[in-house]
Amino acid sequence: MAITTQYVVTHKGVEKLVTTDKKEADQYDKMLDAADNLAQYIQAKGIGLDDSALEELTILLSKNKDKVSKIFKGSSAQSVLEDESAEVVKLKANG
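In what follows, the accompanying structure is described. (Residues numbered from 1 in each chain as written. Predicted model: local features only at pLDDT ≥ 70, side-chain atom pairs only at ≥ 80, totals over all residues. Heavy atoms only, no water.)

## With respect to the side chain of S62
And step 1. Counting through the fold element by element, S62 comes out in helix α2 (residues 51–63).
And step 2. Every residue in contact with S62, bar those within four places of it in the chain, is listed here: M31, A34, A35 and L38. (Helix = DSSP H or I, 4+ residues; strand = E, 2+ residues; numbered from the N terminus. Contact = heavy atoms within 4.5 Å.)

## Some words on the pattern of salt bridges
And step 1. What the rule picks out here adds up to three salt bridges.
And step 2. Measuring nitrogen to oxygen at the nearest pair gives 3.4 Å for the salt bridge that ties E55 to K16. Of the two residues, E55 sits in helix α2 while K16 sits in strand β2 (residues 14–19), which places them 39 residues apart along the sequence.
And step 3. Of the charged contacts in the structure, one is a salt bridge between D26 and K22, with a shortest N-O distance of 3.1 Å. Linking D26 with K22, this pair stays in helix α1 (residues 22–44), spanning four residues, or about one helical turn.
And step 4. By relative accessible area, K22 is classed as partly exposed at 44%. (Salt bridge = Lys/Arg side-chain N within 4 Å of Asp/Glu carboxyl O. Buried < 20%, exposed > 50% of the residue type's maximum accessible area, 1.4 Å probe, protein only.)

## Digging into the side chain of H11
And step 1. Looking at the secondary structure, you find H11 in strand β1 (residues 7–11).
And step 2. Note on H11: relative accessible area 8%, which makes it buried.
And step 3. Within the structure, the side chain of H11 is placed 2.9 Å from the side chain of D36, a separation counted as a polar contact.
And step 4. Dropping the residues within four chain positions of it, H11 is found in contact with K16, L32, D36 and E55. (Polar contact = N/O pair within 3.5 Å; in protein donor to acceptor, adjacent residues only side chain to side chain.)

## With respect to the pairing of β2
And step 1. Sheet topology note: the β1/β2 ladder contains five bridges and is antiparallel. For V8, the partnering residue across the bridge sits in β2 and is V18.
And step 2. If you look at the hairpin formed by β1 and β2, you'll find two residues sitting between the two strands, and K12 has a positive phi there, around 55 degrees. (Pairing = 2+ DSSP bridges.)

## Quick look at the nonpolar core
And step 1. Counting residues in each nonpolar core, the largest one holds eight residues, listed as V9, L17, A25, Y28, M31, L32, A35 and I59.
And step 2. Per-element tally for this core: the top contributor is α1, with five residues.
And step 3. Here M31 is in contact with I59, S62 and K63, once residues within four sequence places are set aside. (Core = buried A, V, L, I, M, F, W, Y, C linked by side-chain atoms within 4.5 Å.)

Here it is as structure tokens:
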């Protein structure tokens with residue numbers, strides 16, 4: 001019989017991630033914290049989004065912070081998306 005340690009990340013009472021990798025759980029938890037902070041910032045600026053759209057947007061931005069950062073540094077969205085597509089093709093070829 002094997003014993004497995006699982007890390008469960010919950011957000012607002014909802015189980016979001018179950019993993020055996022502590023580092024992965026910590027990274028996911030940090031991403032969710034960043035998304036919450038972004039949501040607070042967006043709401044404080046008076047941008048009205050329903051809760052679902054706001055959560056989806058802030059999680060998208062948090063998960064892709066490095067790619068979004070490239071756009072802020074002057075890269076075009078198209079080049080970032082092309083790089084992203086190239087990564088997916090590379091992963092599929094190696095998988």
